[in-house]
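# Structural features, examined
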Amino acid sequence: MDKKLLVLGIETSCDETAVAVVRDGRHICSNVISSQVKIHAQYGGIVPEIASRKHIEVINQVVESAINDAKITLNDIEAIAVTYGPGLVGALLIGISFAKALAYGRELPLIPINHLEAHIYAVYLEHPQINLPAIALLVSGGHTEMVLVKALGVYEPLGRTKDDAVGEAYDKVAKWLGLGYPGGPIIDQLAKSGNKEAIRFPRAVMKRGKYDFSYSGLKTAVINYTRNAEHRLSSTDGLSLAGGLPLTEVPPLNDIVASFQEAAIDALTNKVMNAVKDTSAVSIIIGGGVAANSRLRDQLNEKTAGKGISLYIPSPVLCTDNAAMVAGLGFHKYNTGKMADLSLSVKPNLKWDE
Ligand code: KG4
Ligand code: ZN
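Nothing here was measured: the structure is a model prediction, and the numbers come from that model.

### Observations concerning the domain arrangement of the protein chain
- Domain assignment breaks the protein chain into domain 1 (6–122 + 319–335) and domain 2 (130–313).
- Placing a centre on the C-alpha atoms of domain 1 and another on those of domain 2 gives a separation of 29 Å.
- In this assembly, 18 residues from domain 1 lie in contact with 19 residues from domain 2.
- Between domain 1 and domain 2, the buried area comes to about 1400 Å², and carbon and sulfur atoms account for 76% of it.
- Among the residues domain 1 hides against domain 2, the three largest losses belong to Leu116, Ile120 and Cys319. Together they make up 43% of the total.
- The interface formed by domain 1 and domain 2 holds zero salt bridges in total.
- Our count for the contact surface shared by domain 1 and domain 2 stands at two residue pairs in polar contact (both at pLDDT 80 or more).
- Contributing elements (two or more residues each) for the side of domain 1 that touches domain 2: α1 (37–41), α4 (115–126) and α11 (324–335).

### Here's the deal with helix α8 (residues 253–279)
- The end-to-end C-alpha separation of α8 is 39 Å, in line with the 39 Å expected for 27 residues at 1.5 Å each.
- Taken across its 27 residues, α8 has 21 buried, putting it largely inside the fold.
- Looking one or two residues past α8, Ser280 carries a phi angle of roughly 60 degrees, positive in sign.

### Digging into the site of ligand 1
- Neighbouring residues of ligand 1: 18 residues in total, closest Gly141, Asp171, Gly184, Asp188 and Asn293.
- Backbone polar atom of Gly289 to an oxygen atom of ligand 1: 3.0 Å apart, as the coordinates give it.
- Within the contact set of ligand 1, an oxygen atom lies 3.1 Å away from a side-chain nitrogen or oxygen of Asp321.
- Protein burial of ligand 1: of its 550 Å² of free accessible surface, 89% is covered by the chains.
- Put simply, the parts of the chain that give the shell around ligand 1 at least two residues each are α5 (166–176) and α6 (183–191).
- It is α6 that provides the largest number of residues to the shell around ligand 1, a total of four residues.

### Thoughts on the coordination of the zinc ion (ligand 2)
- Protein-derived ligands of the zinc ion (ligand 2) are His115 (NE2), His119 (NE2) and Asp321 (OD), with the metal-ligand distances lying across 2.1 Å.
- In primary-sequence terms, the residues that donate to the zinc ion (ligand 2) follow H-x3-H-x201-D. With a gap of four residues between them, His115 and His119 both fall in helix α4, about one helical turn apart. His119 carries the same exposure label as His115, and that label is buried.

### Comments concerning the layout of surface pockets
- Each pocket or cavity is described by its volume, and for the second largest pocket that value is around 250 Å³.
- In terms of lining, the second largest pocket is formed by 13 residues, of which the most central are Tyr84, Glu117, Lys333, Lys338 and Glu354.
- Per-class residue counts for the lining of the second largest pocket are five nonpolar, two polar and six charged.

### Let's talk about the sheet that holds strand β7 (residues 144–151)
- Overall, mixed pairing links the five strands, which are arranged β8-β7-β6-β11-β12 in an open sheet. Taken across any chain shown, the strands that pair with only one partner, and hence form the sheet edges, are β8 (154–160) and β12 (310–312). When strand polarity is set aside, the average angle formed by the axes of neighbouring strands in this sheet is 20 degrees.
- Where strand β6 (residues 134–139) meets β7, six bridges bridge the pair, whose relative direction is antiparallel. Paired with Ala134 across the strands is Val149, a residue of β7.
- Running over the sheet, helix α9 (residues 294–304) touches β6, β11 (283–287) and β12 and is turned about 180 degrees from β11.

### Considering the packing of α8 against α9
- Between α8 and α9, the least distance of the axes is 10 Å, while the angle of their chain directions is 40 degrees. On the basis of their axis angle, the class for α8 and α9 is oblique. For the pair α8 and α9, the sense of crossing is right-handed. Residues Gln261, Glu262, Ile265, Asp266, Leu268, Thr269, Asn270, Val272 and Met273 of α8 form the contact with α9, whose own contacting residues are Arg295, Leu296, Gln299, Leu300, Lys303 and Thr304.

### Side note on the packing of aromatic side chains
- Summed over all chains, the structure comprises four aromatic pairs.
- On the basis of an interplanar angle of 70 degrees and a centroid distance of 5.1 Å, the ring pair of Tyr170 and Phe260 is categorised as edge-to-face. With Tyr170 in helix α5 and Phe260 in helix α8, this residue pair connects regions lying 90 residues apart in the sequence.
- For Phe260, a relative accessible area of 0% gives the class buried.
- Aromatic pair Phe201 and Tyr225: ring centres 5.8 Å apart, planes at 85 degrees, arrangement edge-to-face. Of the two residues, Phe201 sits in the loop between α6 and α7 (216–234) while Tyr225 sits in helix α7, which places them 24 residues apart along the sequence. Exposure class is identical for Phe201 and Tyr225. Each is buried.
- The ring centre of Phe213 lies 5.3 Å from the NZ or CZ of Lys271, which sits over that ring.

Here is what the cut-offs are and how they apply
- Residues numbered from 1 in each chain as written.
- Chains lettered and ligands numbered in written order.
- Predicted model: local features only at pLDDT ≥ 70, side-chain atom pairs only at ≥ 80, totals over all residues.
- Heavy atoms only, no water.
- Domains from an automatic or database assignment.
- Contact = heavy atoms within 4.5 Å.
- Buried area = accessible area lost by both parts, 1.4 Å probe.
- Salt bridge = Lys/Arg side-chain N within 4 Å of Asp/Glu carboxyl O.
- Polar contact = N/O pair within 3.5 Å; in protein donor to acceptor, adjacent residues only side chain to side chain.
- Helix = DSSP H or I, 4+ residues; strand = E, 2+ residues; numbered from the N terminus.
- Expected span 1.5 Å × (residues − 1).
- Buried < 20%, exposed > 50% of the residue type's maximum accessible area, 1.4 Å probe, protein only.
- Near = heavy atom within 4 Å.
- Areas by Shrake-Rupley, 256 points an atom, 1.4 Å probe, with all protein chains shown as cover.
- Donors = N, O, S within 2.8 Å, 3.2 Å for Na, K, Ca; no water.
- 1 Å grid on protein atoms, 1.4 Å probe; cavity = no way out; pocket = protein on both sides within 12 Å on 5 of 7 lines; lining within 4 Å.
- Points joined across faces, edges and corners; volume = space filled by probe spheres on them.
- Nonpolar A, V, L, I, M, F, W, Y, C, P; charged D, E, K, R; others polar.
- Pairing = 2+ DSSP bridges.
- Axes fitted to C-alpha atoms, helices over the stretch in contact; angles between N-to-C directions.
- Parallel < 35°, antiparallel > 145°, perpendicular 65-115°, else oblique.
- Left-handed = near helix turned anticlockwise from the far one by under 90°.
- Phe/Tyr/Trp six-rings, centres within 6.5 Å; stacked < 30°, edge-to-face > 60°.
- Lys NZ or Arg CZ within 6 Å of the ring centre and 35° of its normal.

Following this line, the structure appears as structure tokens:
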């Protein structure tokens, strides 16, 4: 029988300072997220040094808010769970240092959490019973990973991106097109009015690792396509072609982003469905910021319809980086004795088997 526990979770692996209180791995008492997205937007992407500085500035206050929102005091907390990797080294260090100090000062157990495993756990916060095995697809600005979930805590990594993460490709394409940051939601919205078949952008074929992903080629294809079109449009030579099309037929921006999105999402859903088939998985779990993508959701709904496969996508607030998933998973790690001592250090490249 699991011991009951009130866990404080701390998450600082990227650009969100997040702290949550979760009871018994299920009940979210508070879930406070301080996002730095507006700060990094000025630079068109995350600046690691700034991320660390901002975490230091706000972490005290975010912890205080999480305690207040949960209507408890620090004395009620029974364990501290903290993300120790993967992520940005300087950003992770802030969360870890804070968690260690708190655990030491209060004589509380310290529970190290793998950020990606926490993204998988996010679905358990809303669905305690998930049919396994499941294919988990974790897609964000920093990650594009696919794993087979055999049991909570038992994973087989299947594939990952060999270059850019899918969210990163969205952000870079949006930046190139002057659409703003973060690019994902902007492109998702703009693509709704576009023709996704206007341009056939490449879908990466991996020579090795059939479940691996690659997004830098797609990003470059979009950049080259628009560069050619722009060049030819601005040329006075009325006979030139834009991306192989007569000038009058250069697709509008919404068609370009819809076509980019279709290629980006096709690559994800095709590989997920192949993995489901190969492993006889009965569920699909999606996590990370890109899980909010409407085309990803639509394609997965279409592809799983009538096949008896359960599709789990957390609510938006639990898809993006948060500490409820950290505190929730902390409960299970505690009950299986996965605690750390104060020598715990960050693991920016933490692997599934560590
Ligand atoms: O998980 P997250 O909040 O932060 C980390 O990257 O860790 O994910 C942010 C990423 C960004 O790259 C953003 O552009 C992307 O998720 N994103 C989306 C959408 N909403 C956020 N990508 C595609 N479609 C969306 N609707
Ligand atoms: Zn994340």
